[in-house]
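# Examination of the molecular architecture
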Amino acid sequence: MGYVYGSWKTHLNPYDVIGYLDNEAQHRIILKKNGKIIGKQIKVLTEKSLGRGRFLGRSEWDAPEIDGNVELRGEALEVGRFYQATVTQAKPYALVAEI
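Residues numbered from 1 in each chain as written. Predicted model: local features only at pLDDT ≥ 70, side-chain atom pairs only at ≥ 80, totals over all residues. Heavy atoms only, no water.

Here the protein chain shows a mean pLDDT of 82. Residues at 70 or above account for 78%. Taken together, the stretch residues 1-8 has pLDDT below 50 and engages in 9 contacts with residues farther than four places along the chain or on a different chain. (pLDDT = per-residue confidence, 0-100. Contact = heavy atoms within 4.5 Å.)

Ordered in space as E1-E2-E3-E5-E4, the 5 strands form a closed barrel in which the pairing is mixed. Pairs of neighbouring strands in the sheet enclose a mean axial angle of 50°, with direction left out of account. (Pairing = 2+ DSSP bridges. Helix = DSSP H or I, 4+ residues; strand = E, 2+ residues; numbered from the N terminus. Axes fitted to C-alpha atoms, helices over the stretch in contact; angles between N-to-C directions.)

The way to describe two aromatic rings as a pair is by their centre distance and the angle between their planes. Tallying each qualifying case throughout the model produces 0 aromatic pairs. Stacked on the ring of Phe82, the Lys or Arg Lys43 has its end atom at 5.0 Å from the ring centre. (Phe/Tyr/Trp six-rings, centres within 6.5 Å; stacked < 30°, edge-to-face > 60°. Lys NZ or Arg CZ within 6 Å of the ring centre and 35° of its normal.)

Another point: the nonpolar core. By size, the foremost hydrophobic cluster in this structure holds 13 residues, and its most contacted members are Ile42, Val44, Val70, Leu72 and Leu95. Contact partners of Val44, with chain neighbours within four places excluded, come to Gly57, Arg58, Ser59, Val70, Leu72, Arg81, Phe82, Tyr83 and Ala85. (Core = buried A, V, L, I, M, F, W, Y, C linked by side-chain atoms within 4.5 Å. Buried < 20%, exposed > 50% of the residue type's maximum accessible area, 1.4 Å probe, protein only.)

The subject of this paragraph is the pairing of strand E1 (residues 41-51). One ladder, built from 5 bridges, connects E1 with strand E4 (residues 82-91); its direction is antiparallel. Pairing of Gln41 across the sheet is with Thr86, part of E4. Hairpin connection between E1 and strand E2 (residues 54-59): a loop of 2 residues separates the two successive antiparallel strands, and Arg52 in this loop has a positive phi of roughly 55°.

So, on to the environment of Gly35. One can find Gly35 in helix H1 (residues 14-35). The class for Gly35 is partly exposed, based on a relative accessible area of 32%. When the C-alpha atoms of Gly35 and Gln89 are compared, they prove to be 7.5 Å apart, with 54 residues separating the residues in sequence.

Looking at where Asn34 falls in the secondary structure, it is placed in helix H1. Among the polar contacts listed, one links the side chain of Asn34 to the backbone oxygen of Pro92, at a separation of 3.4 Å. (Polar contact = N/O pair within 3.5 Å; in protein donor to acceptor, adjacent residues only side chain to side chain.)

A few words on the pairing of E4. Pairing of E4 with strand E5 (residues 94-98) involves 5 bridges; the strand directions are antiparallel. Paired with Val87 across the two strands is Ala97, which belongs to E5. Taken together, E4 and the strand that follows it, E5, pair antiparallel across an intervening segment of 2 residues.

Following this line, the structure appears as structure tokens:
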């Protein structure tokens, strides 16, 4: 892959390279899994207003500060309430959903 430990080209530790490659593999797996949710309805708890009709929240099955987030788009929403939303986009550690 072009990584040479201890060469002038890069000073990467082989274990760092393995960790990086593992993260890339994790991103692909999670993105594939999250992609299967696009178009489906999920229950989202709003936790923070981001302004302009955007909120940060989490699905009913996500643990705070551990699992991914949901960016919720909709008007006249309240922080601290659950809403049924349709997932419109998937990212490795986040979903985008609309009311």
